[in-house]
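So the chains spell out like this:
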There are 2 protein chains.
Amino acid sequence: MKAEILSIGTELLLGEIVDTNTPFLANQLSLLGIDLFFTSAVGDNPGRLSGALRQAWERSDVIITTGGLGPTQDDITRETIAGLFKEEPAVDPALKQSIVDYFAQRGIEMPASNIKQAVLVPSAAAIPNSRGTAPGWWVERDGRIIVAMPGPPGEMQFMWQNQVFPRLQRKTGAIILSRMLKTFSLTEAKVDELVTPLMSSLNPTLATYAKLDGIYLRIAAKAARRPEAEELISRHEADIKKILGDAIWGADDETQESVVGQLLTTRGLTLAVAESFTSGYLAHTLASAPGSRSYFKGGIVAATDEVKVVLGIDAGLVAGGPSAELAVAMAGLARQKLGASIGIGIEGYSEPVGGTLPGTVFIAIDRESIGEPVVQRYSGRLYQMKKRAAYYALFDLMKLLRSA
Amino acid sequence: MKAEILSIGTELLLGEIVDTNTPFLANQLSLLGIDLFFTSAVGDNPGRLSGALRQAWERSDVIITTGGLGPTQDDITRETIAGLFKEEPAVDPALKQSIVDYFAQRGIEMPASNIKQAVLVPSAAAIPNSRGTAPGWWVERDGRIIVAMPGPPGEMQFMWQNQVFPRLQRKTGAIILSRMLKTFSLTEAKVDELVTPLMSSLNPTLATYAKLDGIYLRIAAKAARRPEAEELISRHEADIKKILGDAIWGADDETQESVVGQLLTTRGLTLAVAESFTSGYLAHTLASAPGSRSYFKGGIVAATDEVKVVLGIDAGLVAGGPSAELAVAMAGLARQKLGASIGIGIEGYSEPVGGTLPGTVFIAIDRESIGEPVVQRYSGRLYQMKKRAAYYALFDLMKLLRSA
């Protein structure tokens, strides 16, 4: 099946918004094993939209459109599809009722203009939209499919995942499952190199993605039945784990902060941090995990040397500039001042000083009555390191907690 | 002039990367006053790329392509343009030398495959690329233009801004200048409503953009000479300032944190913060302004009630939950513990408690020997408020410093 995506809306041509629908759908189509050959954006102009839709109809089997389903005069996707097939749009009573109900639930009478969203043509079936008033259209004709969805990403993605993806999956006659493995501490080039033997597999497929919190690997498997797809994924996952081992810290929806949270909770430990280099980003990241209040006490952001001394760190140590020893002192400060069982300290150079690279950080972890603090040194491009350092700290803590 | 953008690369069709080049160029074309009618993405496939390019050539005056200029077999943009005009590509000696030099400066011999990047056709002139090895192509024929640029955004944007934008500006025969005014505390709907009379102006044009740190207004003016364009902008700017007044906090490259930094610096003041609701995001934002070490002392992130008591806040006050009084106490704590002249405290409810909305925050500013602390209460959607609260705090501080 050859697919094509058509994004509709003049705002896309003014550079006022970034079209995130197209990359989302492109990714989903690749999961379905459907080849995507073209994507385009066109404005709310009847002639140009009609031309673009006709061309898509002539060259593709599945056409996915987003946008142009609103209640205003500008919104012409329905009219254009109707025009392509020379079919007459008519108000569908059930569809009208669902829109009236949508407004009634919100205590509002349906504005007259919304009646436009209740029309269908004979070739079109409505796709329910539980997040808005614009139903989608599923059009099948001459063995080809047009799926018209609303433009707002929240409405479109919900409709896609609950209605469109399953229907297209039935058309392709296959079950597709995917699993995302998440690593840290290896470069994308290194991960690619290590998993090269697995990369050539056509089913499951393997793809890598570089993120701020590490390199992700997506395994996607296709099978006639669910257990087969699961089996394909779990075998590939086991092979990857054999190769990448401890570099894998989580999967799917897990974040480094949520994994750290689970480890701290099961061990009954609490955490506090003291940052200068990352200036609050580590605290902000830790606090954003659900349930973090049960183990994350808080943090100290010491932006100047003077503040470090005011807070009780030895003036001579502070005067020496960022160092492993200073990071250890910061970790101890965090732990003691905020009454936590574990303290993390982050210190770093933002500029080359004494031969260090830009973005050199020292990360120390101080554990109550569990021996000596541990401290690591990392370097990298400054721009990235201001946030990356927080993930180095979380990854170090994970390793420590897992080994303890 | 009718323009069209063509993004080239199979990776765009797999959803692996988001195409940021197209919205960037769309925005730039609107600045140039050039109408953009179509944007498309096509893979590295000779037949489909050739078809897409031919169609663009038939319907548009200016065609901007990105991607497909690399040294590998996959990169076929040059070949496809040559094929469209039935012109023979040949190595250009000067171009070859510039690529050899590029590698030599990095101590590397030019790989053989890069010779591909040194070819031209008779209708094409090379566009220098100081950020990479792929020169662009500027093709003029039959009164139409093709501009082929490399795909990496850093290379493309640099080439666009330094080479392509000025050349296209000469073609349009106009000077175009723009200015971005930045507001806070008003919704986009309210800003739109207030500036409605100015919105209908065709020169300068006015557009609004909703950002996390407020609503931006872009004024763009077109004139035959620079002073005229400047005059148009400054008149429009004065009109907008009359309407929006204190809601405008800055312009162009200014950020709320940089404006706060200037105000603190000129007044010889220093700042410290204590956050629970924003968990370090305010400290991180403040520290990210250049030169912040001279006025920003740091912050305290108190993630739990227990920590607030440990740090010295009255246990009864803490037990009462987030309140204006607790925010004031936090502001005082920050100022005193970290030795700053101004302290900001942020407290907030993440869930509806006692009739408050999700995302209700209290922001207090405590000033050394300048009377009573000031405190404000804001509400909004929780998801946004976790970051928005930092901007409420910065905006409150700006107002206070400007009035003092």
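Residues numbered from 1 in each chain as written. Chains lettered and ligands numbered in written order. Predicted model: local features only at pLDDT ≥ 70, side-chain atom pairs only at ≥ 80, totals over all residues. Heavy atoms only, no water.

1. Focus on empty space enclosed by the protein
Under the definition given, this model contains 3 cavities of 30 Å³ or more. Considered as a void within the structure, the largest cavity measures approximately 290 Å³ in volume. A:Asp19, A:Thr22, B:Asp19, B:Thr22 and B:Thr39 are, among the 19 residues lining the largest cavity, the residues nearest its centre. Grouping the constituent residues of the lining of the largest cavity by class yields 9 nonpolar, 8 polar and 2 charged. Within this model, the second largest cavity holds a volume of roughly 130 Å³. Taken together, 16 residues form the lining of the second largest cavity, with A:Ser40, A:Gln55, B:Ser40, B:Gln55 and B:Arg59 sitting closest to its centre. Put simply, the parts of the chain that give the lining of the second largest cavity at least two residues each are strand 2 (35-42) and helix 2 (46-59) of chain A together with strand 2 (35-42) and helix 3 (46-59) of chain B. For the lining of the second largest cavity, the residue count by class is 10 nonpolar, 4 polar and 2 charged. (1 Å grid on protein atoms, 1.4 Å probe; cavity = no way out; pocket = protein on both sides within 12 Å on 5 of 7 lines; lining within 4 Å. Points joined across faces, edges and corners; volume = space filled by probe spheres on them. Nonpolar A, V, L, I, M, F, W, Y, C, P; charged D, E, K, R; others polar. Helix = DSSP H or I, 4+ residues; strand = E, 2+ residues; numbered from the N terminus.)

2. Topic: the side chain of A:Lys182
Residue and element names in this part refer to chain A. Locating Lys182 in the fold gives a position in strand 9 (residues 175-183). As a buried residue without a salt bridge, Lys182 has its nearest oppositely charged side chain in Asp213, at a separation of 5.6 Å. A distance of 2.8 Å separates a polar atom in the side chain of Lys182 from the backbone oxygen of Glu254. (Buried < 20%, exposed > 50% of the residue type's maximum accessible area, 1.4 Å probe, protein only. Lys, Arg positive; Asp, Glu negative; His and termini not counted. Salt bridge = Lys/Arg side-chain N within 4 Å of Asp/Glu carboxyl O. Polar contact = N/O pair within 3.5 Å; in protein donor to acceptor, adjacent residues only side chain to side chain.)

3. Structural notes on the domain arrangement of chain A
Quite often, the size of an interface is put as the accessible area lost when its parts meet. According to the domain assignment, chain A contains domain 1 (2-172), domain 2 (175-251) and domain 3 (256-403). With centres defined by C-alpha atoms, the gap from domain 1 of chain A to domain 3 of chain A works out at 49 Å. (Domains from an automatic or database assignment.)

4. Regarding the relation of the copies chain A and chain B
For the pair chain A and chain B, the relating rotation is 180°, the translation along its axis is 0.2 Å, and the fit reaches an RMSD of 0.2 Å. Viewed as a symmetry operation, the transformation between the two copies matches a two-fold axis. When the interface residues of chain A are mapped onto chain B, 100% of them again lie at the interface, so the same face is used by both copies. (Least-squares fit on C-alpha atoms with pLDDT ≥ 70 in both. Contact = heavy atoms within 4.5 Å.)

5. Some remarks on the packing of helix 1 (residues 21-32) of chain A against helix 5 (residues 153-172) of chain A
Residue and element names in this part refer to chain A. Remark: helix 1 packs on helix 5, axes separated minimally by 11 Å, with the N-to-C direction vectors making an angle of 20°. Taken together, the axes of helix 1 and helix 5 are roughly parallel relative to one another. Crossing handedness for the pair helix 1 and helix 5: right-handed. For the pair helix 1 and helix 5, contact is made by Asn21, Phe24, Leu25, Gln28, Leu29 and Leu32 and by Pro153, Met156, Gln157, Trp160, Gln161, Phe165, Leu168, Gln169 and Thr172, respectively. Broken down by class, the residue content of the contact of helix 1 with helix 5 amounts to 9 nonpolar, 6 polar and no charged. (Axes fitted to C-alpha atoms, helices over the stretch in contact; angles between N-to-C directions. Parallel < 35°, antiparallel > 145°, perpendicular 65-115°, else oblique. Left-handed = near helix turned anticlockwise from the far one by under 90°.)

6. Remarks on helix 13 (residues 324-338) of chain B
Residue and element names in this part refer to chain B. In a regular helix each residue adds 1.5 Å, so 15 residues correspond to 21 Å; helix 13 covers 21 Å between its end C-alpha atoms and thus fits that length. Within helix 13, the full set of buried residues consists of Leu326, Ala327, Met330, Ala331, Gly332, Leu333, Ala334, Arg335 and Leu338. Positioned one or two residues after helix 13, Gly339 has a phi angle of 65°, which is positive. (Expected span 1.5 Å × (residues − 1).)

7. Overview of the interface of chain A and chain B
Between chain A and chain B, the contact holds 47 residues from the first and 47 residues from the second. Contact between chain A and chain B buries roughly 3,900 Å² in total, counting both sides, with carbon and sulfur atoms accounting for 58%. Looking only at chain A, the three residues that lose the most surface to chain B are A:Leu13, A:His284 and A:Lys297, adding up to 14% of its buried area. Linking chain A to chain B there are 2 salt bridges. As a salt-bridge pair, A:Lys297 and B:Glu306 come within 2.6 Å of each other at their nearest N and O atoms. (Buried area = accessible area lost by both parts, 1.4 Å probe.)

8. A few points about the sheet that holds strand 8 (residues 144-149) of chain B
Read across the sheet, 12 strands follow the order 6(A)-7(A)-8(A)-3(A)-1(A)-2(A)-2(B)-1(B)-3(B)-8(B)-7(B)-6(B) without closing on themselves; strand pairing throughout is mixed. Two strands bound the open sheet, and with one partner strand each, they are strand 6 (124-127) of chain A together with strand 6 (124-127) of chain B. Taking each pair of neighbouring strands and ignoring which way they run, the sheet shows an average axis angle of 15°. The sheet contact formed by strand 7 (residues 136-141) of chain A and strand 8 (residues 144-149) of chain A spans 5 bridges and is antiparallel. By the bridge assignment for strand 8 of chain A, A:Arg141 is matched with A:Arg144. Sheet contacts for helix 3 of chain B: strand 2 of chain A together with strand 1 (2-8), strand 2, strand 3 (62-66), strand 7 (136-141) and strand 8 of chain B; angle to strand 1 of chain B, the most-contacted strand, approximately 170°. (Pairing = 2+ DSSP bridges.)

9. Concerning the sheet that holds strand 11 (residues 214-223) of chain B
All names here are of chain B. Read from one edge of the open sheet, 4 strands run 10-11-9-12, paired in antiparallel fashion. Two strands close off the open sheet at either side, each with one partner strand: strand 10 (205-211) and strand 12 (248-251). If you compare each strand with its neighbour and ignore which way they point, the axes differ by 25° on average. Bridge analysis of strand 9 (residues 175-183) against strand 11 gives 8 bridges, and the strand direction is antiparallel. Bridge assignment links Ile176 to a residue of strand 11, and that residue is Lys222.

10. Focus on the pattern of salt bridges
Enumeration according to the criterion identifies 34 salt bridges over all chains in this entry. The residue B:Arg225 makes a salt bridge to B:Glu228 at a minimum N-O spacing of 3.2 Å. We classify B:Arg225 as partly exposed; its relative accessible area is 48%. Where salt bridges share partners, they join A:Arg179, A:Glu237, A:Lys241 and A:Asp252 into one cluster.

11. Re unusual backbone geometry
Residues and elements named next belong to chain A. Cis peptide bonds are those with omega within 30 degrees of zero, and the linkage from Asn203 to Pro204 qualifies with 5°. Among the secondary structure elements, Pro204 is positioned in the loop between helix 7 (196-199) and strand 10 (205-211). Of note in this structure, Asp142 is not a glycine but carries a positive phi near 50°. With phi around 50°, Asp252 is a residue other than glycine that occupies positive phi space. Note on placement: Asp252 falls in the loop between strand 12 (248-251) and helix 9 (256-266).

12. Observations regarding the packing of aromatic side chains
All names here are of chain A. Enumeration over the complete set of coordinates arrives at 14 aromatic pairs over all chains. An aromatic cluster of three or more residues is present, and its members are Phe184, Tyr378, Tyr392 and Phe395. The ring centre of Phe277 lies 4.5 Å from the NZ or CZ of Lys386, which sits over that ring. (Phe/Tyr/Trp six-rings, centres within 6.5 Å; stacked < 30°, edge-to-face > 60°. Lys NZ or Arg CZ within 6 Å of the ring centre and 35° of its normal.)

13. What about the nonpolar core?
If you look at the biggest cluster of nonpolar residues, it comprises 40 residues, and the most contacted ones within it are A:Leu271, A:Leu282 and A:Ile344. Every element with two or more residues in this core is listed here: strand 10, helix 9, strand 13 (271-275), helix 10 (281-287), strand 15 (342-349), strand 16 (360-367) and helix 14 (382-403) of chain A. Among the elements that take part in this core, helix 14 of chain A stands out by supplying 12 residues, more than any other. Of the domains in this structure, domain 2 (175-251) and domain 3 (256-403) of chain A are the two that each give at least three residues to this core. Within the second largest apolar cluster, 37 residues are counted, among which are A:Ala303, B:Phe277, B:Ile365 and B:Ala389. (Core = buried A, V, L, I, M, F, W, Y, C linked by side-chain atoms within 4.5 Å.)

14. Some words on the environment of B:Ala148
Residues and elements named next belong to chain B. Mapped onto the secondary structure, Ala148 falls in strand 8. Assessed through its relative accessible area of 1%, Ala148 is described here as buried. Those residues in contact with Ala148 that sit more than four places away from it in its chain are Thr65, Leu69, Thr77, Ile81, Ile127, Gly136 and Trp137.

15. Some points on the side chain of B:Ser323
Residues and elements named next belong to chain B. Among the secondary structure elements, Ser323 is positioned in the loop between helix 12 (315-319) and helix 13. Within polar-contact distance, the side chain of Ser323 engages the backbone nitrogen of Leu326 at 3.0 Å. Here Ser323 is in contact with Leu317, Glu347 and Phe362, once residues within four sequence places are set aside.

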